[in-house]
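# Reading the structure
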Amino acid sequence: LNVLIRSVHFFYSGLAGSQIFLDSIQIKDKNLNAIQTYRFAYNSKDYPYPLAVDQWGYNMNGNDPTALHNEFQDDVIFNGGGNDFAYDYISGFANRSADNFPNWFSLTSITYPTGGRTEYEYEGNRFQLPNGVVKEGGGLRIKTITHYDEQGGTMAREYTYGDNGCGTANLN
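Let us look at the structure shown here.

Calculation notes
- Residues numbered from 1 in each chain as written.
- Predicted model: local features only at pLDDT ≥ 70, side-chain atom pairs only at ≥ 80, totals over all residues.
- Heavy atoms only, no water.
- Helix = DSSP H or I, 4+ residues; strand = E, 2+ residues; numbered from the N terminus.
- Buried < 20%, exposed > 50% of the residue type's maximum accessible area, 1.4 Å probe, protein only.
- Salt bridge = Lys/Arg side-chain N within 4 Å of Asp/Glu carboxyl O.

## Focus: unusual backbone geometry
Despite not being glycine, Leu-32 has its phi angle at roughly 65°, a positive value. Structurally, Leu-32 can be placed in the loop between strand E2 (20-29) and strand E3 (34-42). Here Ser-44, not a glycine, exhibits a phi torsion of approximately 55°, which is positive. Structurally, Ser-44 is set in the loop between E3 and strand E4 (51-53). The class of Ser-44 is partly exposed, set by a relative accessible area of 27%.

## Looking at the pattern of salt bridges
A full pass over the atoms with the stated rule returns four salt bridges. Residue Lys-45 pairs with Asp-23 through a salt bridge whose shortest N-O separation is 2.6 Å. On the criterion of sequence distance, the pair formed by Lys-45 in the loop between E3 and E4 and Asp-23 in strand E2 is long-range, its members being 22 residues apart. Among the salt bridges present, the one from Glu-123 reaches Arg-141, with a minimum N-O distance of 2.9 Å. Within this pair, whereas Glu-123 is found in strand E9 (residues 117-128), its partner Arg-141 is found in strand E10 (residues 134-148), the two being separated by 18 residues in sequence. With relative accessibility at 23%, the residue Glu-123 sits in the partly exposed group.

What follows is the structure, given as C-alpha cells:
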C-alpha cells in the first residue's frame, strides 16, 4: 500500500551560483497540513558583495579567487616555485584572525516547533608553534551552544580546547 503518512518539505534561499541556505524544514501530515516547522538562521546570510574563497575553502572579503594569505608568501608550492601558479598575496583582510570572515554563512540558530531554540557561537581555530607563538588557523570551532526552552529556561554548554583549556594545540 502506498499511503502517505507524513511528508517532509525543505525550503531553501540563495542565488544560483552563490551560497544556498536551508531556511526551514516543514513536516506535514497525511492531509498536507503543516504540523511541525524547524527554522534555521545563519551569520551574514544576506551579505550582498562577492567573496573569494581562500585555500582552506573559507570565505574572505574580496573577489579574487587566486588570493592567498600573506603567511604563504614563502611557501614554494604557492609562490610559483618553477611552475605556472600565479597567486596574489593579500595582507590585512586575508589573514585568519578570529574576527575575520570564516564564520560568514555559519549556522547561528535552530528554532524548534515547540518554540525553543538553540544558538551557536563560534571561534577561530588556534594552534601553538614549537617556539610558543600562537597562530590563528583555518576554520571554526564551537565556543558555546545555548538552548532556550519554550518556558524561558536556558542551558548553555561552553567548549574549551587544548591543554588545560588554553585554546591551542601544540604542533611538534
